[in-house]
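For reference, the chains in residue letters:
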Amino acid sequence: VLQITIFTVRIHRPSGTITLKDHLSELLTDALSKLRADGHLPADLEPAITIERTRDRSHGDFASNLAMVLAKAARSKPRDLAGLIVAALPDSSLVTRIEIAGPGFINFFLSKAAYQAVIGDILCSGESYGRSTQGKGHRIQVEFVSANPTGPLHVGHGRGAAYGAAVADLLEAAGYKVHREYYVNDAGRQMDILAASVYLRYQDLCGERLDFPANGYHGDYVWDIAAGIHRQNGERLHHPATEVFLELPPDESGGGDKESHIDALIQRIRELLGETDYRLVFDQGLDSILANIRQDLKEFGVVYDEWFSERSLEENGSVQQAIDRLQAAGHLYEKNGAIWFRSTDYGDEKDRVVVRDNGQTTYFASDIAYHMHKLERGYDRVIDVWGADHHGYVPRVKAALQALGDDPSRLDVLLVQFAILYRGGEKAQMSTRSGEFVTLRELRREVGNDAARFFYVMRKCEQHMDFDLDLAKSQSSDNPVYYVQYAHARIASVFRQLGEKGLQWDPEEGAASLEALQEAHEQALMTRLSSYPEVVENAALSHEPHLLTHYLRDLANDFHTYYNAHIFIVDDTRLRNARLNLIRAAQQVIANGLGLLGVSAPESM
């Protein structure tokens, strides 16, 4: 191990929220500039500089593999190049020594002052601490939830909502301009099934006794919508059941096919009502359920910049435009009266229908048009948050974009596994058809928004999630959201106690006395605080909000351990104010992190 100690101080840590990694990156950038000027490196070499925190503190605080990355271009052995880089580094008051280890790693050992300076950064930056300009100038659209407005949101939708909102907020914190969008499926077969279900319940209210289709929507909310139509229209829309079911193909109970049965039933209802009244029933169901969804998401703290209508794609000609573009490029063919897209040319398992034999376009055709429309709006990237059951849908959408001449790499699809709810150790069943589901609204009423938002994003989105209601409601250290919020509230209580004792916090004296923070618990807490901006950026770029939940739990643990081991309101004013600065900084970071997850930071609990 080659050890180099830096004594002279010429470069001080930049002001603002530049991280310790940023500072070391600037030092390495300056060193490379010097080596290029001296002819040790090619003049046009502009490498990406990678700096990572070390797992073993005996190897320093941070390490870089830069010498190994550049060795070939520099025609030098990695360790020799590492020596040149280190010799060219500007001096820094934040670096106590540098070691060249192994095949050429550059290990940085930082001073205590480096971590103490983080406290001032946090207190000066406040709510903006942890935010960066990484994505400045880049526009990203995040589309999430987008559940069919055929019933209330259930707990499965809730996970997609919490995850999508957190991803959007993290990307925004990383400097990206984010557009949050909900794709409203206000056209297509499922909405027609809902309209038929509502109309049959309306018929029930008119005194008809009907055999309700097995694949209709059975929930109580369908009765509520039908009752509203009945109150407004009386029996004006009523037709005898014999007319409604006359000569329809049988369903499963009659030895037929349930899908053919309900499709014929929809067509019969449309004919009996006429388009105007059919649209009245259709829109009543759509508007009622969509209003319910909007309210649920708003109360859940999930907001959108746009609610995009699927129906608008048909009305403005986008669906036909997409089909025409695919046709002109030779990617469509006719078979059995339908129009098919050759998605197998792009790796899909089979070709896909875009126009049915009855002339109606498919949901897939609308989806092609929607993604075409997204990219035409000029986003650098579009992110779709879908349920894991849509896994097979990803390659065909990317295939369509490629066939249209668009770049499919601009589309990222994040798949969210279903959340399985447990109450009292028993699994709850959920089905929007049968009505036997637990709604997101019921979950929020039981455990609260904070627990729901936090629990939903504690694991990677592609991992199955068991949502333990009993744990979410518990007020103990086993409940992660309670544990983190309690750290924030505990810090607030310290400052209340300070006032009760007739004392005041002097942050200026605290800033001038940070060298008094010498305890191991204090060093651990400062080190943890310094990594927050890195965690936010990593969570944003990897689309993994669970990284932030884990960080907050670790930060809370560091604080609670510190709280239990030391007294903050001590007689020594310098030490007292230094410790108050430290815990106020911890409180700020906890609040910032919880805010990105849509979770509150209470002052008392």
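Our subject is the structure that appears above.
The notes below deal with the structure included here. Because the structure is predicted, anything quoted here is derived from the model rather than measured.

**Describing the sheet that holds strand β9 (residues 332-335)**
- Judged by pairing direction, the sheet is antiparallel, and its three strands sit side by side in the order β9-β10-β11 without closing on themselves. For this open sheet the edge positions go to β9 and β11 (352-355), each flanked by a neighbour on one side alone. Neighbour to neighbour, the strand axes of the sheet diverge by 45 degrees on average, direction disregarded.

**Examining the layout of surface pockets**
- Of the voids in this model, the second largest pocket is the one considered here, and its volume is about 510 Å³.
- In this structure, the second largest pocket is lined by 19 residues; those nearest its centre are Arg-53, Arg-528, Ser-531, Glu-534 and Val-535.
- If you list the elements that add at least two residues to the lining of the second largest pocket, you get β2 (51-53), α18 (520-530), α19 (532-542) and α20 (546-565).
- Grouping the amino acids of the lining of the second largest pocket by side-chain chemistry returns five nonpolar, five polar and nine charged.

**Section: the environment of Leu-153**
- In this fold, Leu-153 is placed in the loop between β6 (139-143) and α5 (155-173).
- What makes Leu-153 buried here is its relative accessible area of 1%.
- Linking Leu-153 and Gly-424, residues 271 residues apart in sequence, is a C-alpha distance of 23 Å.
- Setting aside its immediate chain neighbours within four residues, Leu-153 contacts Val-145, Ala-147, Ile-293, Asp-296, Leu-297, Thr-439 and Leu-440.

**Thoughts on the pairing of strand β4 (residues 95-101)**
- Burial within β4 is extensive, with five of its seven residues counted as buried.
- Where β4 meets strand β5 (residues 105-110), six bridges bridge the pair, whose relative direction is antiparallel. Of the residues in β5, the one forming a bridge with Ile-98 is Phe-108.
- Connecting β4 to the antiparallel partner β5 that follows it, the hairpin turn spans three residues, and Gly-102 within it adopts a positive phi of roughly 60 degrees.

**Some thoughts on the pattern of salt bridges**
- Per the stated rule, a full pass over the model turns up 33 salt bridges.
- When the shortest N-O distance is used, the salt bridge between Arg-97 and Glu-99 registers 3.3 Å.
- Take Arg-97: its relative accessible area is 26%, and that puts it in the partly exposed class.
- In this structure, Arg-574 and Glu-515 form a salt bridge, with 2.6 Å as the shortest nitrogen-oxygen distance. With Arg-574 in helix α21 (residues 573-596) and Glu-515 in the loop between α17 (507-512) and α18, this residue pair connects regions lying 59 residues apart in the sequence.
- Taking the relative accessible area as the measure of exposure, Glu-515 reaches 41% and is therefore partly exposed.
- Linked through salt bridges whose partners overlap, the residues forming this network are Asp-296, Glu-299, Arg-441 and Arg-444.

**Re the sheet that holds strand β14 (residues 419-423)**
- Pairing is mixed in the open sheet, where three strands are placed in the order β15-β14-β16. Looking at the sheet topology across the chains shown, the edges are occupied by β15 (426-427) and β16 (465-468).
- The pairing of β14 with β16 spans four bridges and is parallel. Bridge pairing links Ala-419 to Met-465 in β16.
- Its contacts with the sheet place helix α14 (residues 440-456) against β14 and β16, and it is angled at close to 135 degrees to β16.

**Digging into α14**
- The terminal C-alpha atoms of α14, which comprises 17 residues, lie only 12 Å apart, well short of the 24 Å expected from a rise of 1.5 Å per residue.
- Where α14 bends most, at Gly-448, the angle is about 105 degrees.
- The set of residues buried in α14 consists of Leu-440, Leu-443, Arg-444, Val-447, Ala-451, Ala-452, Arg-453, Phe-454, Phe-455 and Tyr-456.

**Considerations on the nonpolar core**
- Counting 155 residues, the largest nonpolar core has Phe-108, Leu-443, Tyr-456, Phe-467 and Leu-529 as the members making the most contacts within it.
- Considering each element in turn, this core owes the most residues, 13 residues, to helix α9 (residues 258-299).
- Residues within four places of Leu-529 in sequence aside, it is in contact with Val-118, Ile-122, Tyr-129, Tyr-551, Leu-555, Leu-582, Ala-585, Ala-586 and Val-589.
- Membership of the second largest hydrophobic core comes to 33 residues, among which are Val-354, Tyr-370, Ala-400 and Leu-401.

**Describing the environment of Arg-579**
- Here Arg-579 lies in helix α21.
- Considered as a pair, Arg-579 and Gly-510 are 69 residues apart in the sequence and their alpha carbons are 7.4 Å apart.
- When near neighbours in sequence (up to four residues on either side) are disregarded, Arg-579 contacts Leu-517, Glu-519, Glu-522, Tyr-562, His-566, Ile-567, Phe-568 and Val-570.

**Some details on the packing of aromatic side chains**
- Evaluation of the coordinates by the stated rule reveals 26 aromatic pairs.
- Note on Phe-308 and Tyr-370: the rings are 5.1 Å apart at their centroids and 40 degrees apart in plane angle, and the pair reads as tilted. Here the residue Phe-308 occupies a position in strand β8 (residues 306-309), and Tyr-370 occupies one in helix α12 (residues 363-376), the gap between them amounting to 62 residues.
- With centroids separated by 5.7 Å and ring planes inclined at 65 degrees, the aromatic side chains of Trp-386 and Tyr-393 adopt a geometry described as edge-to-face.
- An aromatic cluster of three or more residues is present, and its members are Phe-341, Tyr-346, Tyr-363, Phe-364, Trp-386 and Tyr-393.

Calculation rules
Residues numbered from 1 in each chain as written. Predicted model: local features only at pLDDT ≥ 70, side-chain atom pairs only at ≥ 80, totals over all residues. Heavy atoms only, no water. Pairing = 2+ DSSP bridges. Helix = DSSP H or I, 4+ residues; strand = E, 2+ residues; numbered from the N terminus. Axes fitted to C-alpha atoms, helices over the stretch in contact; angles between N-to-C directions. 1 Å grid on protein atoms, 1.4 Å probe; cavity = no way out; pocket = protein on both sides within 12 Å on 5 of 7 lines; lining within 4 Å. Points joined across faces, edges and corners; volume = space filled by probe spheres on them. Nonpolar A, V, L, I, M, F, W, Y, C, P; charged D, E, K, R; others polar. Buried < 20%, exposed > 50% of the residue type's maximum accessible area, 1.4 Å probe, protein only. Contact = heavy atoms within 4.5 Å. Salt bridge = Lys/Arg side-chain N within 4 Å of Asp/Glu carboxyl O. Expected span 1.5 Å × (residues − 1). Bend = angle between axes of the 7 residues up to and from the residue. Core = buried A, V, L, I, M, F, W, Y, C linked by side-chain atoms within 4.5 Å. Phe/Tyr/Trp six-rings, centres within 6.5 Å; stacked < 30°, edge-to-face > 60°.

Don't take any of this as a statement about function, it's just geometry.
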